[in-house]
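Overview (structure and organization)
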Amino acid sequence: MSRDPPLPPGPIGGPGAWRGAGMAARRDWIHELDPAEIAEIEGAVRAHLAAGRSMAEIAPATFPLPTLAPRLAAILEELLHGRGFALLRGLPVERWTIAESAAAYLGIGAHLGSFRSQNAKGHLLGHVRDLGLDIRDPNVRYYQTSRALEYHTDSCDVVGLLCLRTAKRGGESRIVSSVTLHDEMLRRAPELWRALFNPFPVDRRGEVPPGMLPWFELPVFNWYAERLTTIYTGQYIRSAQANFPQARRLTEAEHAALDMLDALANEPALNLPMEFRPGDMQFLHNHQVLHSRGDFEDWPEPERRRHLLRLWLAPKQGRPLPPAFAQRYGSVTPGDRGGIVTRGTTLKFVLEPE
């Protein structure tokens, strides 16, 4: 017999329940790197490359940042227990090679959490570029195209993006608090709010771990250990309905709840636009922040085309997750969870998209 899921006693509020209009007027979430911190990063990069170490050997002990590390620890605290997002600004990527940019980014990321695989190929360093692929292919993911991304979460605790180059136009990042979305849905439509605590089938887009179905089932909203944890990719919930007749059919209320969640996320008063500059690093706590991206037009010259590096990270200080998350995260052990591993996946770092 199925049991009703645990539900929050009411609105959640707190520092994670911010609104975009308010955040747009503030700048305390933007952290400018100062010259001493940049010099420290460059010194660690030079030492790493001079020693001939592989990217797999990058760790806090091998990539020491004595000045910046305490600041990164404070930023991680804000990610996990505060507003859930931060922007670090100022990496001089224009004067670096791709290897230097990757080493710097991995070194900074290592101080926040362990690296997790971002796809079935085992990429621990992701490349967000338009590869000219067709999203109608059920094995293609949106980050491989120039198409807009609806608001969603990634399958890890923390996702990071480093901007190397921007598009000719478009591609703006937007984020929204899933805590605020929860509280607004509870206030405006409690019957639809309740529907989002039901498990939803979600398309794995062909990246299927051994012994698993080509979809997984998790609620959008999860109330566990006195915290709201959100996991949401509406595009893949809907593609599971289209691609897998054997997956559970959503009810009318569940479809309406997804539509309302999307509409709320797109309300200008709730979401926060964020323009990337080369050298910007955005870090988001997936459990409490959704992110999206607009369509973009890229430069015709290959060397100028939009290019972001991505990290999926598992901090050892991560929150408790419901046991059901193991079907997507592989484990719920903090510091060793999240990512995508299928049969034949080999973990690796690559300097170009493949």
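Whatever comes next refers back to the structure up there.
These numbers come from a predicted model, not from an experiment. (Residues numbered from 1 in each chain as written. Predicted model: local features only at pLDDT ≥ 70, side-chain atom pairs only at ≥ 80, totals over all residues. Heavy atoms only, no water.)

Considerations on the overall build of the protein
Per the secondary structure count, the protein includes 9 helices and 17 strands. A globule of 354 residues ought to have a C-alpha radius of gyration of about 20 Å, and the protein, at 20 Å, matches this closely. By its C-alpha atoms, the protein is 60 × 40 × 40 Å across when sized along the principal axes. Relative to its full complement of 354 residues, the protein shows a buried share of 56%. Accessible surface, the protein as shown: approximately 14800 Å² in total, 55% of it carbon and sulfur. The protein carries 41 positive and 41 negative side-chain charges, and their two centres are separated by 2 Å. (Helix = DSSP H or I, 4+ residues; strand = E, 2+ residues; numbered from the N terminus. Rg over C-alpha atoms; globule rule 2.2 N^0.38 Å. Buried < 20%, exposed > 50% of the residue type's maximum accessible area, 1.4 Å probe, protein only. Areas by Shrake-Rupley, 256 points an atom, 1.4 Å probe, with all protein chains shown as cover. Lys, Arg positive; Asp, Glu negative; His and termini not counted. Charge placed at Lys NZ, Arg CZ, Asp CG, Glu CD.)

Examining the packing of aromatic side chains
Any two aromatic rings considered together are summarised by their centre-to-centre distance and by the angle between their planes. Under the criterion given, the structure shown has 8 aromatic pairs. Both rings, one in Trp-215 and one in Phe-244, keep their centres 5.4 Å apart while their planes meet at 35°; by these two values the pair is tilted. Remark: Phe-244 occurs in the loop between α7 (234-243) and α8 (252-265) and Trp-215 occurs in strand β10 (residues 215-219); sequence separation between them is 29 residues. There is no split in this pair, since Trp-215 and Phe-244 are both buried. (Phe/Tyr/Trp six-rings, centres within 6.5 Å; stacked < 30°, edge-to-face > 60°.)

Regarding the sheet that holds strand β5 (residues 149-152)
Each strand in a sheet pairs with its neighbour through backbone hydrogen bonds, running either in the same direction (parallel) or in the opposite one (antiparallel). Read from one edge of the open sheet, 4 strands run β5-β15-β8-β13, paired in antiparallel fashion. Edge positions in the open sheet fall to β5 and β13 (272-274), since each of these has one partner strand only. Each neighbouring strand pair of the sheet contributes to a mean axis angle of 20°, computed without reference to strand direction. Judged from the 5 bridges that link them, strand β8 (residues 173-177) and strand β15 (residues 289-293) form a sheet pairing that is antiparallel. From the neighbouring strand, Arg-174 faces β15, where its bridge partner is Ser-292. Running at roughly 55° to β8, helix α5 (residues 178-188) makes contact with β8 and β15 of the sheet. (Pairing = 2+ DSSP bridges. Axes fitted to C-alpha atoms, helices over the stretch in contact; angles between N-to-C directions. Contact = heavy atoms within 4.5 Å.)

Some details on unusual backbone geometry
A positive phi is found at Ala-225, a non-glycine position, where the angle reads about 50°. Residue placement: Ala-225 occurs in the loop between β11 (221-224) and β12 (227-230). On the accessibility criterion, Ala-225 (40% relative accessible area) is partly exposed.

What about the side chain of Ser-177?
Of note, Ser-177 is situated in strand β8. Within polar-contact distance, the side chain of Ser-177 engages the backbone nitrogen of Val-179 at 3.2 Å. Leave out the neighbours within four places in its chain, and Ser-177 touches Gly-16, Ala-17, Trp-18 and Gln-288. (Polar contact = N/O pair within 3.5 Å; in protein donor to acceptor, adjacent residues only side chain to side chain.)

Quick word on the nonpolar core
Counting 40 residues, the largest nonpolar core has Ile-41, Leu-91, Ile-108, Met-281 and Phe-283 as the members making the most contacts within it. Looking at which element gives the most residues to this core, the answer is helix α4 (residues 98-110), with 7 residues. Setting aside its immediate chain neighbours within four residues, Ile-108 contacts Ile-41, Phe-63, Leu-65, Leu-68, Leu-72, Leu-91, Met-281 and Phe-283. Counting residues in hydrophobic clusters, the runner-up holds 35 residues, among them Leu-196, Phe-197, Leu-261 and Ala-265. (Core = buried A, V, L, I, M, F, W, Y, C linked by side-chain atoms within 4.5 Å.)

A word on the pairing of β15
Along β15, 5 of the 5 residues are buried, which leaves the element largely enclosed by surrounding structure. Burial along β15 is two-sided: the residues Val-289, His-291 and Arg-293 and Leu-290 and Ser-292 are all buried. As judged from the 2 bridges shared by β5 and β15, these two strands associate in the antiparallel manner. Counted as the bridge partner of His-152 is His-291 from β15.

Re the pairing of β10
By the criterion of burial, β10 is predominantly enclosed, with 4 of the 5 residues buried. Across 5 bridges, the pairing between strand β9 (residues 199-203) and β10 is antiparallel. Looking across to β10, one finds that Asp-203 is bridged to Trp-215.

Let's talk about the side chain of Glu-42
On the secondary structure map, Glu-42 appears in helix α2 (residues 35-50). Using a relative accessible area of 16% as the deciding quantity, one classes Glu-42 as buried. Each residue touching Glu-42, except ones within four places of it in the same chain, is listed here: Pro-92, Arg-95 and Trp-96.

Topic: α2
Turn by turn, an α-helix covers 3.6 residues, leaving residues three or four places apart pointing in a common direction. Its 16 residues give α2 an end-to-end C-alpha distance of 22 Å, which sits within 8% of 22 Å, the value for a rise of 1.5 Å per residue. When we look at burial in α2, the residues that qualify are Glu-37, Ile-38, Glu-40, Ile-41, Glu-42, Ala-44, Val-45 and His-48. Looking at the buried positions of α2, the neighbouring elements they touch are β1 (30-32), α3 (68-81) and α4. Among the residues of α2, the N-terminal cap falls to Asp-34, whose side-chain oxygen and the backbone nitrogen of Ala-36 are separated by 3.1 Å. One or two residues past the end of α2 sits Gly-52, with phi positive at roughly 70°. (Expected span 1.5 Å × (residues − 1).)

Observations concerning the packing of α2 against α4
Across the interface, α2 lies against α4 with an axial gap of 9 Å and an inter-helix angle of 110°. Judged on the interaxial angle alone, α4 and α2 are roughly perpendicular. For the crossing formed where α2 meets α4, the hand is right-handed. In this structure, α2 contributes Ile-41, Val-45, His-48 and Leu-49 to the contact, and α4 contributes Glu-100, Ala-103, Ala-104 and Ile-108. Here the contact of α2 with α4 is composed, by residue class, of 6 nonpolar, 1 polar and 1 charged. (Parallel < 35°, antiparallel > 145°, perpendicular 65-115°, else oblique. Left-handed = near helix turned anticlockwise from the far one by under 90°. Nonpolar A, V, L, I, M, F, W, Y, C, P; charged D, E, K, R; others polar.)

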